[in-house]
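Below, each chain spelled out in residue letters.
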Amino acid sequence: MLDGHVLVDAHTHPARLATLKRAWHDWAADFGDADALGRVYDAEGAVVPARFGELLDAEGVDVVLMFSEYSPKATGIQPIEDLLPLAAHDPARMRLVANLNPHLHFPVAEEVERQLGLGAVALKLHPVHGGFPANERALYPAYEVCRDRGVPVVVHCGTSSFPGSMNGYADPVLLDEVLRDFPTLNLVLAHGGRGWWYDAAAFLALSRETVWIELSGLPPRRLPEYYARHDFARLSRRFIFGTDWPGVPGIASNARAVADLCPDEETAALALGGNALRVYHLD
């Protein structure tokens, strides 16, 4: 708990360092807390489950969603199997998120089923790093699996500075077809349209009950500026808190800054944890 609120960090990358490209290490060093990284990782570059739990304790985090990623053009391949020791250490708190790249995985439905079978509570798609549009028809079998099983899909919607990124695929408008074809599927817009698409992301979240704005990688103090053309009080009820750890100075400080922007305690509770608990079916 943080200041009386359930806190879910819905976007973290506790990856094994050997799987990552140099640009990822630079990103973590530039934006993250070097001291925290030093405490959490062992000498071989793996996250120590107990140490990660201690960090979550210190930051007031009740549940953390841990992302895998299969993006050899950009950050590298971080297999979901590397996260299994963390999930096994504290299965109620440390939750897996599946990842799919249609250039690497086929049949995609079978791969999604496999990763969900490992305990994943959501599917993450990274069009920008993976090099594919979110409305790619090859992904539709994966969307069907998630729709039928009630599993949310997180889609990266924002610019990325990693070499090899294809930022044209970050446009939330590409999801309009997916929303049309899968109207009951919960879609979480990671990074909330960062860069050039804040308005498009906000419009989708305000116009559709199944679309959510996830705040990872966004400085909280600038959120009212990013979404200035929209009813911020109403939009904040569609927020899902996330940090993009380890690329953040502190989880608790970001969470408190988000809570301070919310119009009331009820909205703060939704943004910090309530929405995530419902969308990701977290017990």
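Residues numbered from 1 in each chain as written. Predicted model: local features only at pLDDT ≥ 70, side-chain atom pairs only at ≥ 80, totals over all residues. Heavy atoms only, no water.

- Per an unreviewed UniProt entry, the protein carries the name Amidohydrolase family protein and comes from Actinoallomurus acaciae.

**Topic: the nonpolar core**
Working step 1: Judged by nonpolar contacts, the single largest core of 82 residues is most densely connected at Phe52, Tyr143 and Tyr227.
Working step 2: Ranked by residue count, the leading element in this core is helix α9 (residues 198–207), at six residues.
Working step 3: Counting residues in each nonpolar core, the second largest holds 17 residues, with Val8, Val154, Trp212 and Val279 among its members. (Core = buried A, V, L, I, M, F, W, Y, C linked by side-chain atoms within 4.5 Å. Buried < 20%, exposed > 50% of the residue type's maximum accessible area, 1.4 Å probe, protein only. Helix = DSSP H or I, 4+ residues; strand = E, 2+ residues; numbered from the N terminus.)

**Considering the packing of aromatic side chains**
Working step 1: Taken as a whole and judged by the stated rule, the model has nine aromatic pairs.
Working step 2: Aromatic side chains Trp196 and Trp197 sit 5.1 Å apart centroid to centroid with 75° between the ring planes, which places their arrangement in the edge-to-face category.
Working step 3: Classification of Trp196 as exposed rests on a relative accessible area of 64%.
Working step 4: Given the relative accessible area of 11%, Trp197 is considered buried.
Working step 5: Through a chain of ring-to-ring contacts, three or more aromatic side chains come together here, namely Tyr198, Tyr226, Tyr227, Phe232 and Phe239.
Working step 6: Its guanidinium or amino end placed over the ring of Trp212, Arg238 lies 3.8 Å from that ring's centre, counting from NZ or CZ. (Phe/Tyr/Trp six-rings, centres within 6.5 Å; stacked < 30°, edge-to-face > 60°. Lys NZ or Arg CZ within 6 Å of the ring centre and 35° of its normal.)

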